[in-house]
Amino acid sequence: MSLSYRARVVALLEESPLTTEAVIADVRHLLSHGEEALAFDTMCSWIYEDDLPITRQYHTRLVAMADEMDAPRSVQRLDELLID
């Protein structure tokens with residue numbers, strides 16, 4: 001049985017490189033109101049805007065989540081942040 005979008009976005013948030021408490025709180029707030037797609041997009045946007053490095057494995061998980069949520073724009077350009 002697959003986890004709900006909410007639980008999976010929470011897991012991605014917890015493993016994300018985000019450190020700004022206000023951003024993390026905003027994503028959690030959106031999740032608490034059932035706005036999983038917006039929370040995911042917000043998380044990805046801040047990762048990109050803050051130029052935070054991500055692993056290939058984490059990127060793959062973000063892309064898979066974006067595909068499932070039909071939100072490909074959320075992960076657009078995140079490949080620029082890959083570290084090896």
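What counts, and where the lines are drawn
Residues numbered from 1 in each chain as written. Predicted model: local features only at pLDDT ≥ 70, side-chain atom pairs only at ≥ 80, totals over all residues. Heavy atoms only, no water. Helix = DSSP H or I, 4+ residues; strand = E, 2+ residues; numbered from the N terminus. Rg over C-alpha atoms; globule rule 2.2 N^0.38 Å. Buried < 20%, exposed > 50% of the residue type's maximum accessible area, 1.4 Å probe, protein only. Contact = heavy atoms within 4.5 Å. Core = buried A, V, L, I, M, F, W, Y, C linked by side-chain atoms within 4.5 Å. Arc of directions from axis to C-beta. Expected span 1.5 Å × (residues − 1). Salt bridge = Lys/Arg side-chain N within 4 Å of Asp/Glu carboxyl O.

1. Focus on the overall build of the chain
Across its full length, the chain holds 4 helices and 2 strands. Starting at the N terminus and walking to the C terminus, you meet the elements of the chain as α-α-α-β-α-β. Relative to the compact-globule value of 12 Å for 84 residues, the chain shows a C-alpha radius of gyration of 12 Å, a close match. Overall, the chain is about 35 × 30 × 20 Å in size when its C-alpha atoms are taken along their principal axes. The burial tally for the chain puts 35% of its 84 residues in the buried class. The contacts in the chain between residues at least 6 apart in sequence include a share of 67% that link residues at least 24 apart.

2. As for the environment of Thr42
Assignment of secondary structure puts Thr42 in helix H3 (residues 36-49). Since its relative accessible area comes to 12%, Thr42 is described here as buried. Residues Thr42 and Leu31, spaced 11 residues apart in sequence, show a C-alpha to C-alpha distance of 11 Å. Those residues within four positions of Thr42 in sequence are excluded, and the remaining contacts are Asp26, Val27 and Leu30.

3. Concerning the nonpolar core
In this structure, Leu18, Phe40, Met43, Ile47, Leu62 and Leu78 are the most contacted members of the largest nonpolar core, which totals 25 residues. Listed by contribution, the elements that provide at least two residues to this core are helix H1 (5-14), helix H2 (21-32), H3 and helix H4 (56-68). Non-local contacts of Leu78, meaning those with residues more than four positions away in its chain, are made with Cys44, Ile47, Tyr48, Ile54, His59 and Leu62.

4. Some words on H1
Residue pairs spaced three or four apart in an α-helix point in one direction, given the helix's 3.6 residues per turn. Along H1, the residues classified as buried are Val9, Leu12 and Leu13. One side of H1 carries all its buried residues, which in axial view fall inside an arc of 100°. Elements in contact with the buried residues of H1: H2, H3 and H4.

5. Side note on H2
The first and last C-alpha atoms of H2 sit 16 Å apart over 12 residues, in line with the 16 Å expected at 1.5 Å per residue. Among the residues of H2, Val23, Ile24, Val27, Leu30 and Leu31 are the ones counted as buried. Summarising the axial view, the buried residues of H2 lie within an arc of 125°, below the 170-degree limit, and thus occupy one face. Exposed residues on H2 whose side chains face more than 90 degrees from its buried face are Glu21 and Ala22. Where the residues of H2 are buried, they touch H1 and H3. One or two residues past the end of H2 sits Gly34, with phi positive at roughly 75°.

6. Topic: the pattern of salt bridges
A full pass over the atoms with the stated rule returns 3 salt bridges. In this structure, Glu80 and Arg77 form a salt bridge, with 3.2 Å as the shortest nitrogen-oxygen distance. Here Glu80 falls in the partly exposed class, since its relative accessible area comes to 49%. Residue Arg77 is classed as partly exposed on the basis of its relative accessible area of 46%.

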